[in-house]
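Listed below are the residues making up each chain.
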Amino acid sequence: MAPDIPTLMMMVTVAAMVMAATLMAVAWGERSDGIKLWAGGLCCLALAYVLFLLRGRIPDAVSILLGNGLASATTSLVLAAICRFQGRALPWLAMLLPPVLLVGLLWLFLNDFNTRVTLTAVVMVGQTAWVVRALWERRSTSPGRGVRLVMAAMGLQAGVLLVRAASSASKAMGAQNMLQADAIQIVTFVSAFASLLVASLGFIFMHKERADEANRRLAALDELTGVANRRSIIAALDRDVGRAIRTREPLAVMMVDIDFFKHINDTHGHLAGDQVLRNVVDVIRHRIRAQDIVGRYGSEEFMVLLCDTSAQGAQQLAEQLREAVQASFCSWNGERLAVTVSVGVFGGRLEPGDGWDQLIHAADQALYRAKQNGRNRVELAPGLGRLAHPGRTGESPETFPSSLS
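Residues numbered from 1 in each chain as written. Predicted model: local features only at pLDDT ≥ 70, side-chain atom pairs only at ≥ 80, totals over all residues. Heavy atoms only, no water.

**As for helix α4 (residues 92–108)**
Part 1 of the argument: Its 17 residues place the ends of α4 25 Å apart at the C-alpha level, agreeing with the 24 Å of an ideal helix rising 1.5 Å per residue.
Part 2 of the argument: Among all positions in α4, only Ala94, Met95, Pro98, Pro99, Leu102 and Leu106 are buried. Within α4, the buried residues cover an arc of 120° as seen down the axis, which keeps them to one side. For α4, the exposed residues lying more than 90 degrees away from the buried face are Trp92, Leu93, Leu96, Val100, Trp107 and Leu108.
Part 3 of the argument: The inward-facing, buried residues of α4 abut α3 (60–86) and α5 (113–137). (Helix = DSSP H or I, 4+ residues; strand = E, 2+ residues; numbered from the N terminus. Expected span 1.5 Å × (residues − 1). Buried < 20%, exposed > 50% of the residue type's maximum accessible area, 1.4 Å probe, protein only. Arc of directions from axis to C-beta. Contact = heavy atoms within 4.5 Å.)

**Description of the nonpolar core**
Part 1 of the argument: By size, the foremost hydrophobic cluster in this structure holds 61 residues, and its most contacted members are Trp38 and Ile82.
Part 2 of the argument: At the level of secondary structure, the elements contributing two or more residues to this core comprise α1 (5–27), α2 (35–53), α3, α4, α5, α6 (145–169) and α7 (183–220).
Part 3 of the argument: Once residues within four sequence positions are removed from consideration, Ile82 is found in contact with Trp38, Val131, Ala134, Leu135, Val150 and Phe203.
Part 4 of the argument: Listed in part, the 32 residues of the second largest apolar core include Val280, Ile288, Val325 and Cys330. (Core = buried A, V, L, I, M, F, W, Y, C linked by side-chain atoms within 4.5 Å.)

**Things to note about the pattern of salt bridges**
Part 1 of the argument: Counted under the stated rule, the structure contains 16 salt bridges.
Part 2 of the argument: Taking the shortest distance from any N to any O, the salt bridge between Arg243 and Asp240 comes out at 2.6 Å. Taken together, the positions of Arg243 and Asp240, both in helix α8 (residues 230–247) and three residues apart, correspond to about one turn of that helix.
Part 3 of the argument: Owing to a relative accessible area of 36%, Arg243 belongs among the partly exposed residues under this scheme.
Part 4 of the argument: Take Asp240: its relative accessible area is 2%, and that puts it in the buried class.
Part 5 of the argument: For Asp257, the salt bridge goes to Lys371, with nearest N and O atoms at 2.7 Å. Of this pair, Asp257 sits in strand β1 (residues 251–258) while Lys371 sits in helix α12 (residues 356–372), and the two are 114 residues apart along the sequence. For the pair Asp257 and Lys371, one class covers both residues: buried.
Part 6 of the argument: Linked through salt bridges whose partners overlap, the residues forming this network are Arg88, Arg133 and Glu137. (Salt bridge = Lys/Arg side-chain N within 4 Å of Asp/Glu carboxyl O.)

**Notes on the sheet that holds strand β3 (residues 301–307)**
Part 1 of the argument: In space, the five strands of this open sheet follow the order β2-β3-β1-β6-β7, with mixed pairing throughout. The open sheet has two edge strands, β2 (293–296) and β7 (378–380), and neither has a second partner. The average undirected angle you get between the axes of adjacent strands in this sheet is 20°.
Part 2 of the argument: Here seven bridges tie β1 to β3, and the two strands are oriented antiparallel to one another. Following the sheet pairing, Val256 is matched in β3 by Phe302. (Pairing = 2+ DSSP bridges. Axes fitted to C-alpha atoms, helices over the stretch in contact; angles between N-to-C directions.)

**Some words on the environment of Arg145**
Part 1 of the argument: Note that Arg145 resides in helix α6.
Part 2 of the argument: For Arg145, a relative accessible area of 52% gives the class exposed.
Part 3 of the argument: Sequence separation between Arg145 and Gly202 is 57 residues; the distance between their C-alpha atoms is 7.3 Å.
Part 4 of the argument: Contacts of Arg145, omitting those with residues within four sequence positions, involve Phe205 and Glu209.

**As for the pairing of strand β6 (residues 341–348)**
Part 1 of the argument: The buried count for β6 comes to eight of eight residues, which makes it a mostly enclosed element.
Part 2 of the argument: Burial along β6 is two-sided: the face carrying Val341, Val343, Val345 and Gly347 and the face carrying Ser342, Gly344, Phe346 and Gly348 are both buried.
Part 3 of the argument: With eight bridges connecting them, β1 and β6 associate as antiparallel partners. By the bridge assignment, Val256 is partnered in β6 with Val343.
Part 4 of the argument: By the bridge criterion, three bridges tie β6 to β7 in an arrangement that is parallel. Its bridge partner lying in β7, Val345 is registered against Leu380.
Part 5 of the argument: Running through α12, the crossover from β6 to the neighbouring parallel element β7 is left-handed. (Right-handed = clockwise from strand over helix to strand, strands pointing away.)

Next up, the structure:
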C-alpha cells in the first residue's frame, strides 16, 4: 500500500512547526546567531505545505505561486541563518532573487505541471548548492558533526530534486498533480521530512559545538592575556616532562616576573597594570618558537616552556626577553611606562622520577635570586632540587618558594 501524499505533506508541516517552535524557545532572550532565521525558514516551509494541501480548495495561483515561493524562501532563510552564524553579511541578492525568479517562471507555466516541477527543482537545487558552498567555505571555522549533518541533509535534498527534475522533464513522472502519489512524489516528501529534521538538528549541533569550544578555551586560557592559565601551563609542563624523559631531550623552564608591578598598579591604576601584562606577553610571544608555550602562572608571573632547549640556550633567550621588555614601548595615557622583568631559568636533561614541581621549584628559586640581586636580571638554576611533597596535576598545584614583587 503506497503512502498517502497528503499524509506525508502533513508530517512535514507538523515537523516544521514543532522544530520552529523549539528553536524559537531556545533563542528567546538569547543571542540567536541565526537560530531565529532558521526558525523563520521552517515557518515558511510549514505555510508552503499548508498551501499545497489546499490545492483545489483555493485558487491555483495562490497555491502554486505563493506555496512554491515560500518553499524557495525557506532555503533563502537557511542560507541567511548560516551566514549569520558565520558572522558574514547577509547575501541579499542570493536570498531574494531565487524566490522572485521562481514565482515569475511558474506564472508563465501555470498550466504545465511537468515544466513547473522541473523549474522548481532546478531553482531549489541551485539554492541548496549555495548553502552547501557557504558551509564548505567556512568548514575550518566550524569543525564537527553539525556542519556535516547540515551538508548531508542538503546533499540528500539536492539529489532527490535532481531526480525529480529529470523525471518531470522526461515525462517519466506518473503523477500529474501535487497530491497524486507515485514513486518520485513519495521519495520527494519522505526525503523532505528527513532533511528537515537532520539539517535542523545539525544546525543546533553547530551552535552546541561552538559553545563547547568557547568553554574549552575559557577553561584553558587566561582571560586577560590570552595565554595558557596556571592549570593549563602546569598540565603542559607535566606532559613535556614525561616526553623529555622518554626522548632524552633537554627541557627548559623560565619563570618571568614583572619588577615592581605593585608600584605600577598603585601609581597608574590596575588598568595600566593590565596593559603592562599584555605588553610583556606580546614580547614573549614574538620571541619564542611555535612549539614553545607561555602561560600566566601568577598575578604578574609567567612561565615559559622550551622543548628541546639546553640551559645555555634558555639563558640566552631569557636575556633577549629581558632586554626586549626593557626596550619595549608600553604606553598608558600618553605616558611611556618603564617595565623590566626578572627571569629564573632551569634547563637540562631529566631523569626518571623527575616531576614538573621540581622544575618549577628550581626556576622559581633562580627567580628569587634574580630579585634579591637587584631585579632586571636573569639567574640560572644550578640543578634540579628535590621537594618533600611532589606535585600532582590532578590537584590544584602550588609551589613552595614565593617571589619578591
